[in-house]
Amino acid sequence: MVRQGLMGCLSRAGAALFAIMLASSCSVIETTSTTTASQRTCASGASTPDCPPPAAREFRALWVATVANIDWPSKPGLSVAQQKAEATALLNRVQALNMNAVLLQVRPSADAIYPSAIEPWSEWLTGEQGRAPGYDPLAFWVTEAKARGIELHAWFNPYRARHTKAVSANAKDHVVNRLPQAVKSYGGFLWLDPGEIAAQDHSFAVIMDVVKRYDIDGVHFDDYFYPYPVTEQAATQQPSTQNAVANALNGVVNVPGVVTRTPERELDFPDEPSWRAYVASGGKLMRADWRRDNVNRFVERVYRGVKAEKPWLRFGISPFGIGRPDRRPPGIAGFSQYDKLYADVELWLERGWLDYLAPQLYCPIEQKPQAFAVLLDYWHRQNPLKRDIFPGLYTSQINDAARGWEPKEIERQIALIRAQPGVAQGHIHFSAAPLLQNRRDVNATLAKAYPTTALHTIAQSSLEESRIDQVIEIDIERGASQIQSGLKIRSFSDQTASAPRGFALYLRYGSRWQFEFLPLLSSPVAGVGGTSVAVETTIPAATADGVLSAVAASLVDRYARESARAVREVRP
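A quick note: this is a predicted structure, and the numbers were derived from the prediction, not measured.

*Asks:* I tried to follow helix α2 (residues 80-96) on my own but got confused; where do I start?
*Replies:* The α-helix advances 3.6 residues per turn, and as a result positions three or four apart in sequence lie on the same side. Taking 1.5 Å of rise per residue, 17 residues should cover 24 Å, and α2 covers 24 Å from first to last C-alpha, within 8% of that figure. Looking only at α2, the buried set comprises Gln83, Ala87, Thr88, Leu90, Leu91 and Val94. Buried residues of α2, seen end-on, are gathered within an arc of 160° and therefore sit on one face of the element. The exposed residues of α2 that point more than 90 degrees off its buried face are Ala81 and Ala96. Just downstream of α2, asparagine 98 is the residue with a positive phi angle, here 60°.

This is how it looks when you write it as structure tokens:
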């Protein structure tokens, strides 16, 4: 390949070059000449006999909870090698099932699973808050996820400060010691008061510290804003997992199959000092509206802060699955996050303060007061800016208990999500445990649901960013062997607006196209006229569908946007 002349053209045209080389590992390489006339270009969405079909797009994600060792690590105090082995086994399972994202809980309770100057090490790693595990778990997860083409979203609990299952003493640098006035005891937990500016500033600093220091793909919140209410009789029975049914245990509606009770007296969250300070400063909102405003301002602040630092990162929130009472469809009843958690989710969608919403639709399809299909449709109708809706699925309910689900329930729920017309596709499983344990052979069900790999959906917030403008040229070098070929893809470009994430590779065997995502394992390298990136892999020269007859490649950027595809025939 004559790189120098091509790079000179790139410098003038602002284009990109792909070089695809098919090389036999066991024979002398025969070079096929390359000319512009012999190459064709297909738009990323083209679907013609001569072009690869569009790649499947779906957000297939998995929550990995670290709090109370729900998912990872399996218990505190494991060696570095053991923790790493569990993490890689989990990521291997995600990859084998053709899933493409992990939402890793990096801040369970005002603590960290990464080295931080702001908060102490989490006790779920070593058994003692503040004790270092001997490596950087988050950096390890980021590296291993990227090597498998898996997105890693950092999952934060913005306000929980201590869990009821914690046993070690709070470290000296824990927020309860650094900002005691901002921490409240409620339901057996410690919570940062969302009404305290110091609490908001602290959590914002924690999030932005991770955004700046780690090459993550997203920032994620679950459903904990103001804490779920507790009663006098059950003041320490705060739910410990991300189970929306259990979270609403104190609701007043009787749901078939769910144990509920009417509380004698609900305890209010103890935010009297911050409320009085607000009133004294001239605040005019009613207390409930003030609480919602505290949460709203924090959500907006995080969204704007993340986008200002790294525009390609996605900010997602997974709230309780039932909307505000005054907008609910007929027949829907249950816990009100609007009134109890002070989460005005509909407003966040209206203002566009997130990239994706993952409402926790944790009830079975046939449960009428929380009907899955009705609530799914509801959230799409509350979405004027067309942000992505990726429902949370209660896959952990697949178990051998009397009320445990069969995998068929999750299969049917995925089908309902995919049946929504004209929307981005995706969903998130809670949590990793049922997949690692393969409960009731759930992995076979998911393998059937995910027969091929898929790209993430294109972020709606990326539409304001500059588009990928690629002019692609392909060189092919191939050997005589029809058993196995080496494949190298390189891209040369002077475009730096959106960092590349990897390559979309399309291989045609006979008349059938196969798709694979090749993650970028090294950083772009600066050179004359621009930067270059490369990946290498091996591919079969023939499959049961026939002999390799064409190769196509395109660049996929951090927004999940795909460039035009360069296509070249592979002659026998």
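*Asks:* Which parts of the structure should I look at to understand the environment of tyrosine 186?
*Replies:* Tracing the chain through its elements places tyrosine 186 in strand β8 (residues 183-186). When the C-alpha positions of tyrosine 186 and leucine 267 are compared, they lie 8.7 Å apart, and in sequence the two are 81 residues distant. Apart from residues lying up to four places away in sequence, tyrosine 186 is in contact with Trp191, Pro227, Tyr228, Pro229, Val230, Leu267, Asp268, Phe269 and Pro270. In terms of polar contacts, tyrosine 186 uses its side chain to reach the backbone amide nitrogen of valine 230, at 3.1 Å.

*Asks:* What am I meant to see in the sheet that holds strand β9 (residues 189-192) here?
*Replies:* Where strands meet in a sheet, backbone hydrogen bonds hold them as pairs that are either parallel or antiparallel. Read across the open sheet, the 3 strands follow the order β7-β9-β8; overall the sheet is antiparallel. Edge positions in the sheet fall to β7 (160-162) and β8, since each has one partner strand and no second. The sheet shows a mean angle of 40° between the axes of neighbouring strands, direction not considered. Note: β8 against β9, 4 bridges, orientation antiparallel. Paired with tyrosine 186 across the strands is phenylalanine 189, a residue of β9.

*Asks:* Quick question: what am I supposed to make of the nonpolar core here?
*Replies:* Within soluble globular proteins, side chains that are nonpolar generally end up buried alongside one another. One finds Trp141, Ile216, Phe221 and Trp348 to be the most contacted residues of the largest nonpolar core, which totals 121 residues. Apart from residues no more than four positions distant in its own chain, tryptophan 348 is found in contact with Phe225, Val295, Asn296, Val299, Ile317, Ala343, Trp353 and Leu354. Ranked by size, the runner-up nonpolar core spans 16 residues in total, among them Ile489, Leu520, Val533 and Ile539.

*Asks:* How should I be thinking about the confidence of the model for the protein in this particular structure?
*Replies:* Atomic detail in the predicted coordinates should be set aside for any region of low pLDDT. Chain-level statistics for the protein give a pLDDT mean of 85 and a share of 81% at 70 or above. This model gives residues 21-37 a pLDDT under 50, and the stretch forms 47 contacts once residues within four places in sequence are excluded. This stretch, residues 239-260, has a pLDDT under 50; its non-local contacts, to residues over four places away or in other chains, come to 56 contacts.

About the cut-offs
- Residues numbered from 1 in each chain as written.
- Predicted model: local features only at pLDDT ≥ 70, side-chain atom pairs only at ≥ 80, totals over all residues.
- Heavy atoms only, no water.
- Helix = DSSP H or I, 4+ residues; strand = E, 2+ residues; numbered from the N terminus.
- Expected span 1.5 Å × (residues − 1).
- Buried < 20%, exposed > 50% of the residue type's maximum accessible area, 1.4 Å probe, protein only.
- Arc of directions from axis to C-beta.
- Contact = heavy atoms within 4.5 Å.
- Polar contact = N/O pair within 3.5 Å; in protein donor to acceptor, adjacent residues only side chain to side chain.
- Pairing = 2+ DSSP bridges.
- Axes fitted to C-alpha atoms, helices over the stretch in contact; angles between N-to-C directions.
- Core = buried A, V, L, I, M, F, W, Y, C linked by side-chain atoms within 4.5 Å.
- pLDDT = per-residue confidence, 0-100.

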